[in-house]
Amino acid sequence: MNYEIVHLEEKTIVGVSSATGNSDPQMGEIIGGLWEKLYQGGVAAGIRNKVNAYAIGLYSDYTDSGYCVTAGIEVSKAENPELSVKTIPAGKYAKFLVHGHMVKAVADAWGEIWQMNLDRSFTGDFEEYMSSDPENCDIAFYIALK
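So, how was this worked out
- Position labels on residues start from 1 in each chain and follow its written sequence.
- Only residues with pLDDT of at least 70 are given local features in this predicted model, and only at 80 or more are side-chain atom pairs given and counted; all residues enter the totals for whole chains, interfaces and linings.
- Derived side-chain values reflect all non-hydrogen atoms in the structure, with water molecules and hydrogen atoms excluded from consideration.
- The way it works is a 1 Å grid over only the protein atoms, where trapped points that fit a 1.4 Å probe form a cavity and open points with protein on both sides within 12 Å along at least five of seven lines form a pocket, and then any residue with an atom within 4 Å of a point lines it.
- Grid points are joined across faces, edges and corners, and a volume is the space filled by probe spheres set on the points.
- Helix and strand labels come from DSSP, where a helix needs a run of H or I of at least four residues and a strand needs a run of E of at least two; each type is numbered from the N terminus.
- For this classification, the nonpolar set comprises Ala, Val, Leu, Ile, Met, Phe, Trp, Tyr, Cys and Pro, the charged set comprises Asp, Glu, Lys and Arg, and every other residue, Gly included, is treated as polar.
- Buried residues are those whose accessible area, probed at 1.4 Å on protein chains only, stays under 20% of the maximum for their type, while exposed residues exceed 50% and partly exposed ones sit between those limits.
- Following DSSP output, two strands are said to pair if at least two bridges run between them.
- Patch membership is restricted to residues that have no salt bridge and whose relative accessible area is over 30%. Joining uses 9 Å for like charges and 5 Å for the nonpolar side chains Val, Leu, Ile, Met, Phe, Trp and Tyr.
- Only the protein chains shown count as cover for residues, with accessible areas throughout obtained via the Shrake-Rupley method and a probe of 1.4 Å.
- Should a side-chain nitrogen of Lys or Arg be within 4 Å of a carboxyl oxygen of Asp or Glu, the pair is scored as a salt bridge.
- In this charge count, Lys and Arg are treated as positive and Asp and Glu as negative; neither His nor the chain ends contribute.
- In the analysis that follows, any N or O atom pair within 3.5 Å is treated as a polar contact, provided that within protein one partner can donate a hydrogen and the other can accept it, and provided that, for residues neighboring in sequence, both atoms belong to side chains.
- Any pair of residues with heavy atoms lying within 4.5 Å of one another is described as a contacting pair.
- Helix span, expected: 1.5 Å multiplied by one less than the number of residues in the helix.
- Of all possible arcs, the one meant is that of the directions from the helix axis to the C-beta atoms.

Enquirer: Can you explain the layout of surface pockets? Please cite residues and give values.
Expert: By volume, the largest pocket is sized at about 710 Å³. In terms of lining residues, the largest pocket is bounded by 27 residues, among which I31, W35, V106, E127 and Y129 are the most central. Residue assignment for the lining of the largest pocket shows that the elements contributing at least two residues are α1 (27-39), β3 (50-60), α3 (102-115) and β7 (125-129). Among the elements that make up the lining of the largest pocket, the one with the highest residue count is α3 (seven residues). Among the residues making up the lining of the largest pocket, the classes are represented as 19 nonpolar, six polar and two charged.

Here it is, written out as structure tokens:
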């Protein structure tokens, strides 16, 4: 999988979060539930100060046993106290571009990324969904690097 090195400014994400991990048998259900809550649950419609319409899937707060997943949207200012607020740190990222079926393309891409020898910092990795068509989605993956 090809990627480019990019430098990003800090971003603020507002959405819904939950703790999980790759060894958690409920991981898929937990992450799917967050996306369902964000869209079918009406959370996305109520998020204030959106920078754009792109959905963000953020993986942060890494520990030995897992991480926090947030399904949300980038905002210019967090003004939804009832929701999770997460910061994507400024820094160096490996950026991957993927196109295809939303669920399959994401699973396949992560499978490849996990096998790569990237100098990861584990400060915050995220997916940015640049279209909402589940069959033909454009997705950018950003993997935080040291």
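Enquirer: Please give an account of the pairing of strand β4 (residues 67-75) that cites residues and values.
Expert: Taking burial as the measure, the nine residues of β4 include nine buried ones, the bulk of the element. Here β3 pairs with β4 via seven bridges, running antiparallel. When the sheet's bridge partners are listed, G57 is paired in β4 with A71.

Enquirer: I'd love a proper account of a nonpolar patch on the surface, names of residues and values included.
Expert: Taken together, the side chains of Y54, L97 and M130 define a hydrophobic patch exposed on the protein surface, amounting to about 270 Å² of accessible area. Here Y54 shows up in strand β3.

Enquirer: Provide a residue-level description of the pairing of β7, including the pertinent values.
Expert: Sheet faces and side chains relate simply in a regular strand, where the side chains alternate between the two faces. Of all five residues making up β7, five are buried, and the element is well covered by its neighbours. Of the two faces of β7, the one lined by D125, E127 and Y129 and the one lined by F126 and E128 are each fully buried. Both β3 and β7 contribute to a ladder of five bridges, which runs antiparallel. Bridging across to β7, L58 finds its partner in F126. By the bridge criterion, four bridges tie β7 to strand β8 (residues 137-144) in an arrangement that is antiparallel. Its bridge partner lying in β8, E128 is registered against A140.

Enquirer: Describe in detail the side chain of E127, supporting the description with residues and values.
Expert: Mapped onto the secondary structure, E127 falls in strand β7. For the buried residue E127, which engages in no salt bridge, the nearest side chain bearing the opposite charge is R120, 9.9 Å off. Within the local environment of E127, its side chain forms a polar contact with the side chain of Y59, the two groups lying 2.6 Å apart. Of note is the side chain of E127, whose polar atom sits 2.6 Å from the side chain of Y129. Setting aside residues up to four positions removed in sequence, E127 forms contacts with A55, I56, G57, Y59, V106, W110, I139, A140 and F141.

Enquirer: Outline α3, listing residues and values.
Expert: Here α3 contains 14 residues, and its C-alpha end-to-end distance of 20 Å stays within 8% of the 20 Å for a straight helix at 1.5 Å per residue. Buried residues of α3: A105, V106, A109, W110 and I113, and no others. Angular distribution of buried residues about the axis of α3 spans 125°; they occupy a single face of the element. Turned more than 90 degrees off the buried face of α3, the exposed positions are V103, K104 and Q115.

What is shown is where atoms sit, not what they do.
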